[in-house]
Amino acid sequence: MAATRDAVERFGDRMAALALVRPKKPESLPVRITRNRIYVLPTGFGLFLGAMLVTMLVGGLNYNNNPALLLVFLFAGVGHNSLVHAHLIMSGIRLKAIHADPVFAGQVLPVKLRFDADGARSRPGLQLICGESRSDFELDANEEAEVVLDLPTQTRGWLEMSRLRLSTLRPLGLARAWSWLRPDSRLLVYPALELNAPPLPEALGDGDSPRTRAHGEQPHHLREYRSGDMPRQIAWKASARADRLLVREYESAVARDITIDWNAAHPLPYEDRISRLARWVVEAERSGSNYALVLPSQRIPAGRGAEHRHLCLRTLALLPHG
Amino acid sequence: MVEPIDRATRRWCLLAAAACALPLLMLVPGWLAAVLVATGLLAAYSERPWPAWMRLLLTLTIGGLVLGAYGFRIGRDTSCAGLLAMLMLKPFETHSLRDAHSLLGFSLFAPFAAFLQDQGPLSLSLALPAVALSLIAWSRLVPGKHASLVPSVRQAAASLAMAVPMALAGFWLFPRLATPLWGLPENSFSRAGLGDRMTPNEWLDALVDDSAAFRARFIGNTPPRTQMYWRGPVLVHFDGEAWTRDIGAISMPGPALQSTGATIRYEVMFEPTERRDLVVLDLPLTTPPQSQLNGELTAVSAEPVNNLVRYVGESAPQARFTDPLPGWQRRVALSLPPGHDPRTIAMARQWQSEDPDPLVLTRRFMAMLESDFKYTISAPPVGFNATDDFLFETKLGFCQHFSSAYAVFMRAAGVPTRVVTGYVGGHYNKIGKYWLLKGKDAHAWNEIWLEGRGWVRVDPTAAIAPENILDTLDDLQARQEAGLAGAAAGMLEPMFDGTDFLRRQWNQLVLGFNAARQQNLLRPIGIDEAQAWQLVTAFGIGSALALGLTLWFLLHQHRDRSPPLVQAWRALVKSLRRAGWTKEPSEPPLSFTRRVAAELASDGPALISVSQRYTDWRYAGRELTDEEQKALIRGLRGFRITRRNRP
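Residues numbered from 1 in each chain as written. Chains lettered and ligands numbered in written order. Predicted model: local features only at pLDDT ≥ 70, side-chain atom pairs only at ≥ 80, totals over all residues.

For the rest of this paragraph, the subject is the overall build of chain A. Per the secondary structure count, chain A includes six helices and 17 strands. In terms of C-alpha radius of gyration, chain A reaches 28 Å, well past the compact-globule figure of 20 Å for 322 residues. Per-residue burial for chain A yields a buried fraction of 38% across its 322 residues. In chain A, of all internal contacts separated by at least 6 residues, the share reaching a separation of at least 24 is 69%. (Helix = DSSP H or I, 4+ residues; strand = E, 2+ residues; numbered from the N terminus. Rg over C-alpha atoms; globule rule 2.2 N^0.38 Å. Buried ≥ 20, exposed ≤ 12 C-beta atoms within 10 Å, placed from the backbone. Contact = placed C-beta atoms within 7 Å.)

And the structure:
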C-alpha cells in the first residue's frame, strides 16, 4: 500500500539532497537515530485536516461558539500530539548490522538490515525505503527486527547503498516522521554470468596425466552444509535421515585442476570476458574440480569450495572497470 | 492512482462519518432525517460504485428534498442539512484511500455545524464518540498492522485524554475575537421563545417549551417571588385578534427612570433564542452589554442571540418615569380595533362614568376576575369578539386571555394600557442558589399609565383565586409524564436540581466564555485587561506546559510488559548496580551473582539462592506455581545488602 507519494513526501525526498540534511556523511554502523536527525512533516491528509480545522477555528472564533472551539482545539491537540508521538516512534531506533549474500549483477540483492531500539516503547508501522524498494516492519519493545530490502543490481563491484529512508505514518497518518540512513557498508555484487557460455576449458594447463572425469560416479562422502554450497549438492535423502543438511563432496583427487585463464576468453570485450570467467568459476566449482584463476595482474592458485569460489568471484567483481 | 481500501477499513470510516453526522441528524426534521439515514445505509451497503447517472439522480432528489424541507429558503439550517446530505451520499463513492480521507475530513464539519445550531448536552455528548471514532478511522487508514477493537478504542481514548491539556490551553488562552468578522447567518426558523405576537387563542410559543429559557442569580437582596417579573417584548397594537409590537418604539431610546426604593442586582445567563430580545428584571436601570433598552424598556441585543449570553443588570422594583408620555405613544396605547367587543367597551364606558380613576377601575376589574373567573390552560376558543366572549361567556382562560381582556377594557375606559410579555417566578435551585426559568414560565401582564408615576405593572392573572386555578402547565406536564413517573417527579427534584446545576456550571465555565471574559482571565496574576500580546504569551506558555505534560505521558504510557519475575530480576540487577556491581551485558545471571556473592560475606548465600531459582525458572524451564513465583518475586525484590557487607 501507499505507493503514491503526495506532494509533501516528494518535497521531503527532494530536500534530502541538501547539504544541511542529516546525516551529512555516510556513517559507520551501528547508526542510532537521534532527535536531531528526525524530520516530521504533515502528510497530504494532515494538511487537508489542518485546513479544515483552520476553517472551523475561524468560524468558531467569529461566532464565539465555544463547543465548536473546544472541538477544534481538541483535534488540534490530538494532531499536535501525533507529531510528537511520531517523533518518539523514530527516536532511539538503531541500525545494528547490514548483511547481504552477494548475488550476480542483474539479480535482486536481498539486503538484511538488523534494527533494535532503546527503551520500552514499541515502534509500530515502520517503513524502510531505498529507491524503489520498500519494506514494512515494526519493532516491539526490547526486540530486534530483521528487515529484508530487495535492491536491484546492475554492475559488478561494490554496491554503494544510496540513502535509506526509515519512516512512520503512525499514530494517525497525519504526519510522516522520517530519518535518513547512510550506512557506509559496501555490498558486493558478483559479475553478471554469461549466458550460453562455451564449456569449461577443462584440459587447460599441464596435460600429462590422463583425465578421469569421475564426477558423479565416484564414491563420495557427506559433510555438513556450509553457507554458499550449491543447493544441488545437498543430499536430500541423507539430510532427511540425519535431520540436518548434508552435502555431497565429490572425490576430486582424480579430477584434473582447471585453470581459468583470462587469455582463454581472448577475443571478447573486457566486461564480457569477466562475465565468461565468472561463469566458468561457477561451472568449475559445480564440477567439483580444483580450479585456478589467472588474471593479467594476479593469479589465484587452484582451490575448491565456497570460500575459494567467493574469492575468485570477488576478485573478478573488483577488477577495475575497463 | 487509486488505492482501494479493504472492507474493514471502509467500515471504520463509515462508522466514524455516521457518528459525526449523528449530532446534526438530531437537528433536522424527522422525516428528512429518516430519508437521509436510509440514503446513508444504502450507500454504506453498496460495495460497488453505482453508475454515474443514478448517483446524479439520487443527489438531485436528495438536494430537492433538503431544500423543500426548509421551504426553499437558504439559511444556516438549510446549509447544515445540505452538508448532512452530502455526507450521506459520499459513501457511494468511498472505495479508495483518497475518498476515505475526504469523507473523514468533511465529516469533521458535521459536529461543528451541529454546534452552530445547538450547544445542548445532547449535541456535546454525541460529539465525543464522533471524535474518538474519527481518530480510530484515521489510524486505520495508515498502512500496516492494526490493533484489534479494544486496544484501538483504548488508544483513541488515550490520545483524546492526552489532547485535553492542549485543548484547554487553546480554549482559554487562544485570543478571541471581540467583534465578529462577518455577520451571523440568518436562520430560517427560530426557536421557541417570546415572540413578536400574542393571540389569546394561541399559546405563546414559549409556553410549550420545557427547556430552560434563562437562569438568574440575585446579587445581594433577593426580591420576593411575586416581584420577579422578567420583562420581554412589549405589545401595543391590537387588531381584535392578535397583539403585536410597535415598530416605532423598538428603535427609540429608553425613557428616563428614577428609582424610588432599593435597587436589585442580578446576573442572567440567557439561553440562545436566535431572536434579539433579552430579558431584564422589571424595571431595568441598566442595559446588558451589546444591547440597548428601547422605548418600551425591552432589552434588545445588537445581534440575534445565537450563543449563551451572560449579563449583570440592575433593576428598581419601584421607579418613576420622569418624562410625560409622548403623544403618539398615548394614542397607540389607547387605540382599539373598530367594531370589536361592543359589550366590553360598553361596560368600560359605564364603569368609567362611575369612577374614572384607573386604580379604582383596576380594582373593580380584578374583583370581577377573582369572583367569577377560572384559570385553565385548556381554555375554549373565542370568536370574532374575543374579549366579549371571554369576559361574558367562557370566563375561562390563562394569562393571555386575562392580560388581553384587561388591556382592551382599560383602553376603552380611557387609560393607556399595554401588554408586556416575559417570564415570572421560576424554580429555585437550592444547590446552585439560582432561579431557573423555563419556557413554561412565560407570562403576559399589563402596564397602565398613571399620570405622575408613569407605567405601572398590573397582573390581572394574579387576581385569580387559588381555588379557581383548574389546570396549569405543571399539571399538564405531570399528565404527560404519566402515572408513576409523574409521582416520582417530586422525589427526583434534588436530582433534577443537581443536573441543572451542572448544566449551569458548564454554561458559565464554557458556553458563556468570550473575548470579554478572556480579557479578565489574567486578573489573578495582576493583569487587569489583558492585551492581545499578553494573551498570545499566555497561550504560548500554556501550550508549552500542555506539551510538557503530553510528552511526559507519552514517554510513560508504555509499561513494561515482561513477566513480573523478569521485572523483579531487573530490579535486583539495578539495585546491585547502585551498590557498585555492574552486570556486563554478556555476563550470565548466575556468574554475575556468584561474582557479587564472593564479595559479600553473609549475604552471599541468599543472593545465590534467589538467582539460582530465577535462572532455573527462566532458562532451565522449571515450572513454578503462582505461590512460588510470588515468593521468588519477594525474594528478588526484597534482597538487601546488610550494612556491614557494603563495599
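Scanning chain B for helices and strands turns up 23 helices and 20 strands. In terms of overall dimensions, chain B has C-alpha extents of about 125 × 75 × 55 Å along its principal axes. Sorting the 647 residues of chain B into buried and exposed places 37% on the buried side. Long-range pairs, those at least 24 residues apart, make up 75% of the contacts in chain B with a sequence separation of at least 6.

Quick look at the domain arrangement of chain B now. Looking at the assigned domains, one finds that chain B contains domain 1 (7–146), domain 2 (197–480) and domain 3 (564–645). Averaged C-alpha coordinates put domain 2 of chain B and domain 3 of chain B at centres separated by 86 Å. (Domains from an automatic or database assignment.)

This part is about the interface of chain A and chain B. One frequently used descriptor of interface size is the decrease in accessible area upon assembly of the parts. The interface is formed by 44 residues belonging to chain A together with 47 residues belonging to chain B. For the side of chain A that touches chain B, the element with the highest residue contribution is helix α3 (residues 66–90) of chain A, accounting for 16 residues. A per-class count over the side of chain A that touches chain B returns 28 nonpolar, 12 polar and four charged. (Nonpolar A, V, L, I, M, F, W, Y, C, P; charged D, E, K, R; others polar.)

Turning to the packing of helix α5 (residues 270–287) of chain A against helix α6 (residues 306–317) of chain A, a few remarks are in order. Residue and element names in this part refer to chain A. One way to put it is that α5 packs onto α6 with a least axis distance of 10 Å and a crossing angle of 180 degrees. Considered as vectors, α5 and α6 are oriented roughly antiparallel to each other. Where α5 abuts α6, its residues I274, L277, A278, V281 and E285 lie against R309, C312, L313 and L316. Broken down by class, the residue content of the contact of α5 with α6 amounts to seven nonpolar, no polar and two charged. (Axes fitted to C-alpha atoms, helices over the stretch in contact; angles between N-to-C directions. Parallel < 35°, antiparallel > 145°, perpendicular 65-115°, else oblique.)

Residues and elements named next belong to chain A. Side chains Y291 and L293 project from strand β16 (residues 291–294) onto a buried face, and the interleaved A292 and V294 project onto a face without burial. Two elements, strand β15 (residues 258–261) and β16, share four bridges in a ladder whose sense is parallel. Bridging across to β16, I260 finds its partner in L293. Assessed by its sense of winding, the connection that carries the chain from β15 through α5 to β16 is right-handed. As judged from the three bridges shared by β16 and strand β17 (residues 299–303), these two strands associate in the antiparallel manner. Bridge assignment links Y291 to a residue of β17, and that residue is G303. Once β16 ends, the chain turns through four residues before running back antiparallel as β17. (Pairing = 2+ DSSP bridges. Right-handed = clockwise from strand over helix to strand, strands pointing away.)

Further remarks concern the domain arrangement of chain A. Examined at the domain level, chain A breaks down into domain 1 (7–184) and domain 2 (220–317). The centre of domain 1 of chain A, based on its C-alpha atoms, is set 43 Å off from the matching centre of domain 2 of chain A.

Locating P124 of chain A in the fold gives a position in strand β6 (residues 123–130). Contacts of P124 of chain A, omitting those with residues within four sequence positions, involve E138 and R170 of chain A together with G144 of chain B.

Residues and elements named next belong to chain B. Strand order in the open sheet made by the five strands is β11-β7-β2-β17-β16, with antiparallel pairing throughout. Edge positions in the sheet fall to β11 (309–315) and β16 (427–429), since each of these pairs with one other strand and no more. Recorded for the sheet is a direction-independent mean angle of 25 degrees between the axes of neighbouring strands. Pairing of strand β2 (residues 212–219) with strand β7 (residues 264–270), which is carried by six bridges, proceeds in the antiparallel orientation.

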